[in-house]
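Listed below are the residues making up each chain.
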Amino acid sequence: MNQQISNHWADITANRIIKECGEKEIYTLASGITPSGVVHFGNFRETITVDMVARALRDRGKKVRFFFSWDDYDTFRKIPKNMPKQEELTKYLFHPIVDTPDPFGRDESYAAHHEKNYEGQLHRVDIYPEPIYQAEKYKNGHYKEEIKKALKNRDAIVTILNKHRTEPLADSWMPISVYCEKCNRDKTDSNVKYDGDHHLSYTCDLCNHQGTLDLNTTSLVKLPWRVDWPMRWVYEKVDFEPGGKDHSSEGGSFSTAKEIVNIFGGKAPLYLQYEFVSIKGGAGKMSSSSGEVVTLEDVLKIYEPEIIRWIFASYRSNVEFSISFDLDVLKTYEDFDRQERLAFGVEAGNEGKVAIAKRVYQLSTVGGMPDSMPFQPSFRHLCNVLQTNDGNIEKAKEFYKDEIKNERDQRRFLERSNCALYWIENYAPEDFKFSLNKTPVPLEMDETQKIFLSKLKGYLTEHFDKIKDDKELHEKIYEFINELKAKDESLDPGHLFSILYKILISKEKGPKLASFIRLIGKNKVLELLSGYDLN
Ligand SMILES: [Zn+2]
């Protein structure tokens, strides 16, 4: 479809960026997070919002720079409950996150640990932003002129910030924070003096150290968030950056940054507010300071990468939604599969619907658009195939061997199978789970049940290999039931089904019988039926 006229939010935003910024050699898109703990799934909405707009711009033949700012020179203010070595971490409170050790002992710092995890997860959903590590920038003096600018314009910044505050900032407030040379903590707020040129003096509230810093050479000064953000827009020439609700309110950091940005000689980028996203069914609230955190990695255990992208592409960015971990997972997979069929013209739909499905699908692909319609094992059926095969993916693959045609299909099968197994294990309702009986189990049954099973067994022995499809077997089963019903009107078919499920999986209910019997296969079904005296 023609992306220029698509009314997908990513396309609308891309068009706005081009219109407002004019024709440019390169468009700069930004996103960022403070790695103060595990980067949770709520944060992902910002990243993928930028990624989709970047795709839309590239689809228009534009060059895009998408950078991701890791605010790792921020202060370690709070120890999340889900971190190991709490006591050790306590020693690093008020230090830069980048100088706090990794409590997992894997990476060079606490910050690096969370940064690497998130970057790795992003790559799995085909998102490759250019990371900028702010600690490196600050420590290497990249922002020294900007820091001086902020200090020289201290009063103007205070005026802007005070407009949105009920309590005005203290007379001693400065638009910077200083990490103490002696103890590396940032409790110096009330005692900073600026000489108007390039020297600062401070007294540390915690260790009483008194020091003087040369702004041309120091690595210990940083701008606070509300000043840092607009500084960076100008420094990196940002054209677009979205923000969550928390930044977007009146008096929030976006509204003050929009004014402070003038001090640095630039203007605010095009902004898009995105709504929250939550998890439905079996997951706690998303906050990096609480113990319960859902990450992109957790969601990738339930959904294929394309489907995660597709969910975000399907909702307008200003709409709040939740991602399901419960039984609705089946519906989400079905919905995605239908849209994929519409996008490939395998299923018919009206023109408008098909156009939307195509565009949303393009924005959802991982590793480019597939050449042909990918293999689609229904998630529900795949769950049954896997469980029938004791969760063995290789054995389950046999069932689909004629449908898996290329590497793309192979990847779909593996990813979907792993998701299905994880979901069954962790989130599926009890009545969805089963395991096939290895040998016949002792069972009591009445005459009617015996007659029914005997008819079915006879039929399967004779005809199993000739059954065309599930429908044929389904109709046959009902033929037997109706024969019995003719003799006893009050007969409940459930009474007959339940004995069969007990024989197969020791449960009252299970997957639809006709397809289930065919899935299990002739030998196994007859072996289980032969354990009972039916005559
Ligand atoms: Zn100190």
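Report on the accompanying structure. Not measured: the values here are computed from a predicted model.

Bound to the zinc ion on the protein side are Cys 180 (SG), Cys 183 (SG), Cys 204 (SG) and Cys 207 (SG), at distances that span 2.3 to 2.4 Å. Between the four donor atoms coordinating the zinc ion, the angles at the centre fall across 104 to 119°, so the site counts as tetrahedral. Each donor residue of the zinc ion belongs to the same chain, and together they define the spacing C-x2-C-x20-C-x2-C. For Cys 207, a relative accessible area of 24% translates into the label partly exposed.

We now examine helix H7 (residues 154-163). For H7, the complete set of buried residues consists of Arg 154, Ile 157, Val 158, Ile 160 and Leu 161. Down the axis, H7 shows its buried residues gathered within 165° of arc, on one side only. Every exposed residue of H7 that faces more than 90 degrees away from the buried side is listed here: Asp 155 and Lys 163. Against helix H6 (144-152), helix H8 (225-235) and helix H10 (253-260) lie the buried residues of H7.

This paragraph deals with unusual backbone geometry. The general pattern is negative phi for most residues beyond glycine and trans for most peptide bonds. With a phi angle near 50°, Lys 85 is a residue other than glycine that sits in the positive phi range. Examined against the element boundaries, Lys 85 turns out to sit in the loop between strand S2 (64-70) and helix H3 (86-90). In the Ramachandran plot, Ser 506 falls in the positive-phi region, its phi being about 55° despite a non-glycine side chain. Here Ser 506 is to be found in the loop between helix H20 (493-505) and helix H21 (513-520).

A separate point is the nonpolar core. Phe 41, Phe 44, Ile 323, Trp 423 and Leu 460 are the most contacted members of the largest nonpolar core, which has 107 residues in total. With nine residues, the single largest contributor to this core is helix H2 (residues 41-59). With near-sequence residues (within four places) excluded, Ile 323 lies in contact with Phe 41, Val 277, Ser 278, Ile 279, Lys 280, Val 299, Tyr 303, Ile 311 and Phe 312. Counting 33 residues, the second-largest nonpolar core is a separate cluster that includes Tyr 138, Tyr 194, Met 231 and Ile 260.

With that out of the way, let us pick up the sheet that holds strand S6 (residues 199-203). Ordered by their spatial adjacency, three strands build an open sheet running S5-S6-S7, and the pairing between neighbours is antiparallel. Either end of the sheet is taken by a strand with one partner, and the two such strands are strand S5 (193-194) and strand S7 (210-214). Relative to S7, S6 runs antiparallel, the two being bridged by five bridges. Of the residues in S7, the one forming a bridge with His 199 is Asp 214.

In this structure the tally under the stated criterion is 46 salt bridges. Of the charged contacts in the structure, one is a salt bridge between Arg 309 and Asp 51, with a shortest N-O distance of 2.8 Å. A residue pair is termed long-range when its members are at least 10 positions apart, and Arg 309 in helix H12 (residues 305-314) and Asp 51 in helix H2 qualify at 258 residues. Owing to a relative accessible area of 5%, Asp 51 belongs among the buried residues under this scheme.

Below, the discussion takes up the side chain of Arg 55. By the element assignment, Arg 55 lies in helix H2. Taking relative accessible area as the criterion, Arg 55 reaches 15% and is therefore assigned buried. There is a polar contact of 2.8 Å between the side chain of Arg 55 and the backbone oxygen of Thr 365. Excluding residues that lie within four positions of it along the chain, Arg 55 makes contacts with Asp 126, Arg 309, Gln 362, Leu 363, Ser 364 and Thr 365.

Quick notes on the rules
- Residues numbered from 1 in each chain as written.
- Predicted model: local features only at pLDDT ≥ 70, side-chain atom pairs only at ≥ 80, totals over all residues.
- Heavy atoms only, no water.
- Donors = N, O, S within 2.8 Å, 3.2 Å for Na, K, Ca; no water.
- Tetrahedral: all angles 85-135°; square planar, octahedral: opposite > 155°, others 65-115°.
- Buried < 20%, exposed > 50% of the residue type's maximum accessible area, 1.4 Å probe, protein only.
- Helix = DSSP H or I, 4+ residues; strand = E, 2+ residues; numbered from the N terminus.
- Arc of directions from axis to C-beta.
- Contact = heavy atoms within 4.5 Å.
- Core = buried A, V, L, I, M, F, W, Y, C linked by side-chain atoms within 4.5 Å.
- Pairing = 2+ DSSP bridges.
- Salt bridge = Lys/Arg side-chain N within 4 Å of Asp/Glu carboxyl O.
- Polar contact = N/O pair within 3.5 Å; in protein donor to acceptor, adjacent residues only side chain to side chain.

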